[in-house]
Amino acid sequence: MAENRFLKSLDHPIPEKANNYMLSTYSIILEAWRRGLTISFSIVKEGTGKFEPSYIITDGNRSHHFSATRGDLVSKRTKELTKNKVTTKEILEKNNVSTPGGKDFNADTSDSEIIKYAAEIQYPVVVKPLAGTGGTGVIAGIQNEEELIEALHYVRVKLKSPHVILEKYFAGEDYRVYVLDGKVIGALKRIKANVIGDGKSTVKQLIDQKNEERAKLPSLTNRKIKIDDELRNMLRREGYDLNSVIPDGELVYIKSKNNVSAGGDSIEVTDELSDNIKQIAVDAVNAFDDLPQCGVDMMVDEENDTAAIIELNTRAHITQHLFPMKGKAQDVPSKLIDFYFPETVDYDRNNALKFFLDFDFIFDACMNGNATEVGIPVLPTRALKLTRYVVSGCEYTKAFSGRVRRLAYHAKVHGYIKPLNNGDISIIVGSSQKRISDFLKRLERYTNRLSKSAAITEKKRSSPIMHGFHIESPNEKTDSSEISNSEEKAALDKYIKDYAKLKSDYQHAVNRLAKYERDERTLDLTQRQNKQLKKRLQQMEESNSWKMTKPIRAFTEKLKK
């Protein structure tokens, strides 16, 4: 993720559970957390059976609830209106926003009646289910009656969506434009899955190469181009198969849809999009009340600088704006938080970028039932600092690392501890200067009790750290200041690739910390009780009554013998 076209705010190892679908949510809560906002996160099962992220962000005075990317300033009524493609089309037409002409047909309408209407508006046409998102069931560019019959059978019978819309096909390029507060803040051009020949590699090799490139992007790690019947048929139409070598520079489409999830390319074109096309997208969103943010799907006729609105998505994901295959990433998360919490715009951004969230722990805690809701500890917003302490003269043991982690939790600092090959111990910490100073005092007291030869040396630290405090083995993560540049790159690459396997179990740490604290409280209570009992015994032994009964006690002891 070192390319300049990506966001600096996401230039860290993206947690495994934050890849792909959850990347939108992760990027938004990360931005909010870095601004010192309070976040309560949960995952809810919706009526459709799907699990969706749900979270509340608050600044102490007011709160906003989010479902994935959609904030609560989008009204429930508008959300329902945009979900229905018929009402969406009606509202757009009423407000003179360009949208393809068409008509909906309920479940009782026969295929023959739909075919008759297609002849009236003339081919090519598009068939789509009444409800649905993500392009599911949308079949575009239908050229004749035979293709329409096949499409209707697929949507109405196989997908079990008998209520469909038939509309005129608008020739153009597929775009997803993101609108916030009357402005376009992101624009993607979506292209069907394809390969470009190099005159040497087979189609199969080209697909493998492209899948390797896609897997490097957190937005596409599980969005590989799949080799299926559709792909083979597309190749066959062009006179190729998987073993064919395509001439250098020739582009061959291998899927019929533009969906990025099906292997399509995402190209960020916000800066290249014309003002006219941007205005059409903004007009579409403004046609609805209480809709400050929305993803707009549109077909764009680039040559004539015009477009038609296909549908609106109030919970549109922003993953491809963050990590597009081509083009410069757009900082949509920052703009969203600016809009909902404008008072946080001037936060200490550079220092906040030194921290990122342990989203794996947050996600797993919700999914495995350990928590219905996870509150994320607030990050200080001022005087943030990262530093590294090297401890010498102490033996690294399980008890030592556990104790240091407890000190870190009490001082409210983030970071990790790991043994070094030379016998020293590296402790990375980050938080406010005040909290780090508190941690250092605790650490010095502890190490001085352990060893008279203990010494702590402070060194620089610059690369980001994950929130919480973790215990890492020597093979888990290598500090950039401890290895050469070439070794650093290899270590970081391996860390990113094996992130889930190599991270320490933060949840287990929290449970153990709670147990330690309970044990400490119990021990402290016992010690106080013992002290009180000893004092009481001493008072009794010094009392006149005790002295007067000494002969009786001596006689009793003799009887026992």
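For the structure itself, consult the block above.
Residues numbered from 1 in each chain as written. Predicted model: local features only at pLDDT ≥ 70, side-chain atom pairs only at ≥ 80, totals over all residues. Heavy atoms only, no water.

Enquirer: Would you mind showing me how to read the packing of helix α1 (residues 23–34) against helix α10 (residues 332–340) here?
Expert: Relative orientation and spacing of two packed helices are given, respectively, by the angle between their axes and the distance between those axes. Put simply, α1 and α10 touch, their axes get as near as 9 Å, and they point 55° apart. The angle between the axes of α1 and α10 places the two elements in the oblique class. The hand of the α1/α10 crossing is right-handed. On α10, the residues that touch S27, I28, E31 and A32 of α1 are P333, S334, L336 and I337. For the contact of α1 with α10, the class distribution of residues is five nonpolar, two polar and one charged. (Axes fitted to C-alpha atoms, helices over the stretch in contact; angles between N-to-C directions. Helix = DSSP H or I, 4+ residues; strand = E, 2+ residues; numbered from the N terminus. Parallel < 35°, antiparallel > 145°, perpendicular 65-115°, else oblique. Left-handed = near helix turned anticlockwise from the far one by under 90°. Contact = heavy atoms within 4.5 Å. Nonpolar A, V, L, I, M, F, W, Y, C, P; charged D, E, K, R; others polar.)

Enquirer: Please explain the pattern of salt bridges as it appears in this structure.
Expert: Pairing between side chains becomes possible if they bear opposite charge and their charged atoms approach one another. Within the structure shown, the criterion is met by 24 salt bridges. Here K255 ties to D228 by a salt bridge, and the two come within 2.7 Å at their closest N and O atoms. Pair noted here: K255 is in the loop between β12 (251–253) and β13 (265–268) and D228 is in the loop between α6 (203–215) and α7 (229–237), with a separation of 27 residues, a long-range link. Put simply, E31, R35, D331, D338 and R349 are held in one network by salt bridges that share partners. (Salt bridge = Lys/Arg side-chain N within 4 Å of Asp/Glu carboxyl O.)

Enquirer: What is the right way to look at the packing of aromatic side chains in this model?
Expert: Centre distance and the angle of the planes are the two values used to describe a pair of aromatic rings. Considering all chains together, one arrives at ten aromatic pairs under this definition. With centroids separated by 5.2 Å and ring planes inclined at 50°, the aromatic side chains of F6 and F323 adopt a geometry described as tilted. Linking F6 in the segment before α1 with F323 in the loop between α9 (319–322) and α10, this pair joins segments that are 317 residues apart in sequence. Here the two residues F6 and F323 agree in accessibility, since each one is buried. Between F41 and F359 the ring centres are 5.6 Å apart and the planes differ by 75°, which places this aromatic pair in the edge-to-face class. Of this pair, F41 sits in strand β1 (residues 38–45) while F359 sits in helix α12 (residues 359–367), placing them 318 residues apart in sequence. (Phe/Tyr/Trp six-rings, centres within 6.5 Å; stacked < 30°, edge-to-face > 60°. Buried < 20%, exposed > 50% of the residue type's maximum accessible area, 1.4 Å probe, protein only.)

Enquirer: It is not clear to me how the sheet that holds strand β17 (residues 374–376) should be interpreted in this structure. Could you clarify?
Expert: As a general point, the strands of a sheet are linked pairwise by backbone hydrogen bonds and lie either parallel or antiparallel. With respect to topology, five strands assemble into an open sheet ordered β4-β3-β2-β1-β17, the strand pairing being antiparallel. Only two strands of the sheet have a single partner each, and these edge strands are β4 (70–71) and β17. As judged from the two bridges shared by strand β3 (residues 63–67) and β4, these two strands associate in the antiparallel manner. Residue pairing in the sheet places S67 in a bridge with R70 of β4. (Pairing = 2+ DSSP bridges.)

Enquirer: Honestly, the environment of F170 in this entry has me stumped. Any pointers?
Expert: As for its position among the elements, F170 is in the loop between β8 (164–168) and β9 (173–180). According to the relative accessible area criterion, F170 is partly exposed, its value standing at 23%. For the pair F170 and T99, spaced 71 residues apart in sequence, the C-alpha to C-alpha distance is 8.8 Å. Non-local contacts of F170, meaning those with residues more than four positions away in its chain, are made with P100, M299, V300, D301, T306, A307 and A308.

Keep in mind that these numbers describe shape and distance, not what the molecule does.
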